[in-house]
Amino acid sequence: VGVDPAEGKGGNHDDWGIGALGKRRDKHLVALDDRTGQYEDDEAGEAIIDLCEIWGATKIIVEVNRGERRVGSVIRAAYYRRLSERGDGKLRPLPEIIGVTAKEGKKLRAGPLRPLYLQGMLHHVAGLAALERQQREWDPDATPRPRQDDHIDWLVHAAHHLADLGAVIVDYRAGFAGMAEATAARVKAQPQVRPMYGG
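In this text, all values refer to a predicted model and were calculated from it rather than measured experimentally.

*Asks:* Help me understand the side chain of D34 in this model?
*Replies:* Structurally, D34 can be placed in strand β3 (residues 29–34). In this structure, D34 is buried with no salt-bridge partner, the nearest side chain bearing the opposite charge being R35 at 7.8 Å. A polar side-chain atom of D34 sits 2.7 Å from a polar atom in the side chain of T36.

Now the structure itself:
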């Protein structure tokens, strides 16, 4: 489960970027679920634990630019609250929480997600329209508000970890520019090739 935290809910606050990504036995990555939205801390923790339960997540990859301790506390509080509510102790163990640091300059740099898509190694299940729209429309030169990257961020963190691309995240969301056109051209040239979803 990938997490890009926000500092609050409503007003000028970003969304919490929260979603689930899986890795198949053939090493293909599949975006499974996107729960990005406006949350108070306790609500965000619940959304994260929900995804961990639904998809059997063993790791939570969290951007820690805004403070590792705070986000870890939010997740642990939600987990133990859920455990207490269950009463029977039947809850998967708390996944390992892994902190990552996102780095970005004035202009965001392209990186590994683009080739993963173009090589057919990164797929989406149906129902991720908000994530896909943000990928297509991302503009690294746009004003900071409204934010355009909260859906993208959780995917970047989770994919970077599952594809074993290194410990420090370089913000490369600009690499989505032109990806839709390139993918369409590739599919048109090879109509027999279809994305593979699921396990």
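*Asks:* Can you help me understand the sheet that holds strand β4 (residues 59–63) in this one?
*Replies:* Adjacent strands of a sheet form backbone hydrogen bonds with each other and so pair up, either parallel or antiparallel. Ordered by their spatial adjacency, six strands build an open sheet running β5-β4-β1-β2-β3-β7, and the pairing between neighbours is mixed. The open sheet has two edge strands with one neighbour each: β5 (96–100) and β7 (122–124). Neighbour to neighbour, the strand axes of the sheet diverge by 25° on average, direction disregarded. Taken strand by strand, helix α1 (residues 41–55) contacts β1 (2–4), β2 (17–23), β3 and β4, and its axis lies near 15° from that of β2.

*Asks:* Just checking my understanding: could you explain the nonpolar core for this structure?
*Replies:* For soluble globular proteins, nonpolar side chains are generally found buried alongside one another. Among the nonpolar cores identified, the biggest contains 24 residues, and V1, W16, I18 and I48 are the most heavily contacted of them. Those elements that provide at least two residues to this core are β2, β3, α1, β4 and α2 (68–86). For this core, the element with the most residues is α1, which contributes six residues. Excluding residues that lie within four positions of it along the chain, I18 makes contacts with V1, G2, D34, R35, T36, Y39, A44, A47, I48, L51 and W154. The next biggest cluster of nonpolar side chains, apart from the first, holds 16 residues, and it includes Y117, L131, W138 and A159.

*Asks:* Could you clarify how one ought to interpret unusual backbone geometry in this entry?
*Replies:* For residues other than glycine, phi is negative in most cases, and the peptide bonds are mostly trans. In this structure, K27 is a non-glycine residue whose phi angle is positive, near 75°. Position of K27 among the secondary structure elements: in the loop between β2 and β3. K27 sits in the exposed class, given a relative accessible area of 59%.

*Asks:* Looking at this model, I keep getting lost on the packing of helix α4 (residues 129–137) against helix α5 (residues 150–162). Mind explaining?
*Replies:* Relative orientation and spacing of two packed helices are given, respectively, by the angle between their axes and the distance between those axes. Between α4 and α5, the least distance of the axes is 8 Å, while the angle of their chain directions is 95°. Here α5 runs roughly perpendicular to α4, going by the angle between their axes. In this structure, α4 uses A130, L131, Q134 and Q135 to contact α5, whose residues at the interface are D150, H151, I152, W154 and L155. By residue class, the composition of the contact of α4 with α5 is five nonpolar, three polar and one charged.

*Asks:* Can you help me understand the pattern of salt bridges in this one?
*Replies:* If you walk through the whole model with that rule in mind, you get eight salt bridges. In this structure, E46 engages R81 in a salt bridge whose closest nitrogen and oxygen atoms are separated by 3.1 Å. You can see E46 sitting in helix α1 and its partner R81 sitting in helix α2, a full 35 residues away along the chain. For D50, the salt bridge goes to R82, with nearest N and O atoms at 2.8 Å.

*Asks:* Please explain the packing of aromatic side chains as it appears in this structure.
*Replies:* The geometry of two aromatic rings is summed up by the distance between their centres and the angle between their planes. In total, this model carries one aromatic pair according to the counting rule given. Ring centres of Y79 and Y80 lie 5.1 Å apart, and the angle between their planes is 85°; this geometry places the pair in the edge-to-face category.

*Asks:* Where do I start with the pairing of β2 in this structure?
*Replies:* In summary, the side chains of a regular strand alternate between the two faces of the sheet. Among the seven residues in β2, six count as buried, and that is most of the element. Pairing geometry for β2 and β3, over five bridges, is antiparallel. Note that in β3 the partner of A20 across the bridge is D33.

*Asks:* It is not clear to me how the confidence of the model for the protein chain should be interpreted in this structure. Could you clarify?
*Replies:* Interpreting fine coordinate detail is not advised for predicted regions of low pLDDT. Looking at the protein chain, pLDDT values average 78 and 68% of them are 70 or higher. Confidence drops under pLDDT 50 across residues 167–174; counting only partners more than four residues distant or on other chains, this segment forms 37 contacts. Of the regions scoring below 50 in pLDDT, residues 190–199 engages in twelve contacts with residues more than four places distant in sequence or in other chains.

What counts as what
Residues numbered from 1 in each chain as written. Predicted model: local features only at pLDDT ≥ 70, side-chain atom pairs only at ≥ 80, totals over all residues. Heavy atoms only, no water. Helix = DSSP H or I, 4+ residues; strand = E, 2+ residues; numbered from the N terminus. Buried < 20%, exposed > 50% of the residue type's maximum accessible area, 1.4 Å probe, protein only. Lys, Arg positive; Asp, Glu negative; His and termini not counted. Salt bridge = Lys/Arg side-chain N within 4 Å of Asp/Glu carboxyl O. Polar contact = N/O pair within 3.5 Å; in protein donor to acceptor, adjacent residues only side chain to side chain. Pairing = 2+ DSSP bridges. Axes fitted to C-alpha atoms, helices over the stretch in contact; angles between N-to-C directions. Contact = heavy atoms within 4.5 Å. Core = buried A, V, L, I, M, F, W, Y, C linked by side-chain atoms within 4.5 Å. Parallel < 35°, antiparallel > 145°, perpendicular 65-115°, else oblique. Nonpolar A, V, L, I, M, F, W, Y, C, P; charged D, E, K, R; others polar. Phe/Tyr/Trp six-rings, centres within 6.5 Å; stacked < 30°, edge-to-face > 60°. pLDDT = per-residue confidence, 0-100.

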